Amino acid sequence: MAVINSGWTYADRITAKLVGRTVLDFYTTLYRHSDRATWQHRIEAGQVLINDRPVTPQTILEKGQTLTYHRSPWCEPEVPLDLPILYQDQDLWAVQKPVGLPVLPGGEFVHHTVLQQLKYQFPDSPLFPLHRLGRGTSGVLLLGRSPLARQSLSQQFRDHHCRKIYRTLVTPGDLPDQFECHQAIGKLPYAQLGYLYAATAEGKPAFSKGRVLARFADKTLVEVEIQTGRPHQIRIHLAALGCPLLNDPLYTVGGIPDASQQAIPSDGGYWLHAHHLGFSHPRTQTWTEINAPLPDALQMPGEKNR
């Protein structure tokens, strides 16, 4: 159901490269989801503070200051809120994240996030996400309950020790039965947000491999294993290989954003499911595997769901 939240405070620490800008220039340059007139109105209304003190739009920023913007309460979009439990023990839980539910607060979502729903649904269990899935991605999300889990699994994700396998539908094309992609991923300028992640030679190394499971006239079903965890890696890599995710409004052939620059990364419409996650259990060191049941659209003909 729709919910009006209590607002949210966004904080930015002023670094050396931001010194000398005005408060108004800072927000209009870095947060382009609102125009200059809107930001000026918010500053003049007292929604923006520096070190908890009022400012004007022309206040000059200094190194080390903390700039905060308090967003007034708003009605959050309705999204699925159920988090079925896939696995649980004293250190770890795993839940099945639904499509549309963000993991952490951001954009239009504060209460309607995995982090907040964990507090509501499991108030006696101090759970925290150990990794992220995009808003449009469903499937296995691993949660920690102990400092041991946080330390061990964070290190395993950094060292690419975890095994992460996804399923998705892509546009029909000549994608090989077995494929790999080593396209680097980095930031590119983007009108809507200032920048977003996309295929670029100047980006950080990224590696995905996969296989075609089934081909149809209007789509191709694929399985993808990611060795690195760059933002939107699967969407970018499959687009870079010439077969973007079916109905992805953002990434086009080549792994770059649509030329209209109207979509944002959280816009959905595609199928992407984190089907399998494998890792070394932080307490027992045994290899542990968790599967999230597949949506009907991502099953092979005649496949038994698992």
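The rules behind these values
Note that residues are indexed from 1 along each chain, following the sequence as it is written. Predicted model: local features are reported for residues with pLDDT of at least 70 only, side-chain atom pairs are reported and counted for 80 or more only, and whole-chain, interface and lining totals are derived from all residues. In computing side-chain properties, one takes all heavy atoms of the structure into account and sets aside hydrogens as well as water. The criterion is simple. A nonpolar core is a set of buried Ala, Val, Leu, Ile, Met, Phe, Trp, Tyr and Cys residues joined through side-chain atoms within 4.5 Å. The cut-offs for exposure are 20% and 50% of the maximum accessible area for each residue type, with area from a 1.4 Å probe on protein chains only; residues under the lower value are buried, those over the upper are exposed, and the others partly exposed. Labels follow the DSSP assignment, with helices taken as runs of H or I lasting at least four residues and strands as runs of E lasting at least two, numbered in each case from the N terminus. Working rule for contacts: check all heavy atoms of both residues, and any pair within 4.5 Å makes them a contact. By this definition, two strands are paired if DSSP reports at least two bridges between them. An axis is simply a line fitted to the C-alpha atoms; with a helix, the fit covers only the stretch in contact. Between two such axes, the angle follows the N-to-C directions and lies from 0 to 180 degrees. Any pair of nitrogen or oxygen atoms within 3.5 Å is treated as a polar contact; in protein, a donor-acceptor pairing is required on top of that, and neighbouring residues in sequence qualify only through side-chain atoms on both sides. Between Lys or Arg on one side and Asp or Glu on the other, a salt bridge is scored when a side-chain nitrogen of the former is within 4 Å of a carboxyl oxygen of the latter. Residue count minus one, scaled by 1.5 Å, sets the expected span of a helix. Think of it as the arc spanned by the lines of direction from the helix axis to the C-beta atoms.

Quick look at the nonpolar core now. The nonpolar side chains of a soluble globular protein tend to be buried, and buried together. Val222, Ile234 and Leu238 are the most contacted members of the largest nonpolar core, which totals 29 residues. Within the residue set of this core, elements represented by two or more residues are β8 (92–97), α3 (114–121), β10 (138–144), β11 (163–170), β16 (220–226), α5 (233–240) and β19 (272–280). Residue contributions to this core peak at three residues, all from β16.

Mapped onto the elements of the fold, glutamate 62 is located in the loop between β4 (53–54) and β5 (66–71). Placed 49 residues apart in sequence, glutamate 62 and arginine 13 show a C-alpha to C-alpha distance of 9.9 Å. Ignoring sequence-local partners within four residues, the contact set of glutamate 62 consists of Ile14 and Val19.

Of note in the backbone geometry, histidine 160 takes a positive phi value of approximately 60 degrees without being a glycine. By secondary structure assignment, the location of histidine 160 is in the loop between α4 (147–158) and β11. Of the residues examined, histidine 160 reaches a relative accessible area of 41% and is grouped as partly exposed. The phi torsion at glutamine 285 lies on the positive side, around 65 degrees, for a residue other than glycine. Within the element layout of this structure, glutamine 285 appears in the loop between β19 and β20 (287–291).

Our focus in this paragraph is the sheet that holds strand β2 (residues 8–13). Across the sheet, which stays open at both edges, the four strands sit in the order β2-β5-β3-β4 with antiparallel pairing between neighbours. With partners counted over all chains shown, the strands left at the sheet margins are β2 and β4, one partner each. Pairing analysis gives three bridges linking strand β3 (residues 48–50) to β5, with the strands arranged antiparallel. Considered in β5, the bridge of isoleucine 50 is made with leucine 67. Of the strands in this sheet, β2, β3 and β5 are in contact with helix α1 (residues 23–30), which crosses β5 at around 65 degrees.

A few words now on α1. Because an α-helix completes one turn every 3.6 residues, residues spaced three or four positions apart along the sequence face the same direction. Among all positions in α1, only Val23, Leu24, Phe26, Tyr27 and Thr28 are buried. Buried-residue contacts for α1 involve β2, α2 (36–44), β3 and β5.

Structurally, the position occupied by serine 280 is in strand β19. By relative accessible area, which is 13% here, serine 280 ends up buried. With residues up to four places along the chain from it excluded, the contact list for serine 280 reads Leu153, Gln156, His161, Gln285, Thr286 and Trp287. Within the structure, the side chain of serine 280 is placed 2.9 Å from the side chain of histidine 161, a separation counted as a polar contact.

For the structure on display, the rule yields eight salt bridges. A salt bridge links glutamate 303 to arginine 167; its shortest N-O distance comes to 2.8 Å. With glutamate 303 in the segment after β20 and arginine 167 in strand β11, this pair connects stretches of sequence that are 136 residues apart. Residue glutamate 303 is classed as buried on the basis of its relative accessible area of 16%. By relative accessible area, which is 1% here, arginine 167 ends up buried. Among the salt bridges present, the one from aspartate 177 reaches arginine 215, with a minimum N-O distance of 2.8 Å. Of the two residues, aspartate 177 is situated in the loop between β11 and β12 (178–181) and arginine 215 in strand β15 (residues 208–215); the sequence distance between them amounts to 38 residues.

Helix length check: α4, at twelve residues, gives a terminal C-alpha distance of 17 Å against a target of 16 Å (1.5 Å per residue), a fit within 8%. Looking at α4, one finds that the buried residues are Ala149, Ser152, Leu153, Gln156 and Phe157. Seen from one end, α4 has its buried residues packed into an arc of 130 degrees, which puts them on one side. For α4, the exposed residues set more than 90 degrees away from the buried face come down to Pro147, Gln151 and Arg158. Buried residues along α4 sit against β8, β10, β11 and β19. One or two positions beyond α4, positive phi appears at histidine 160, with a value near 60 degrees.

The values are spatial; any link to function lies outside them.
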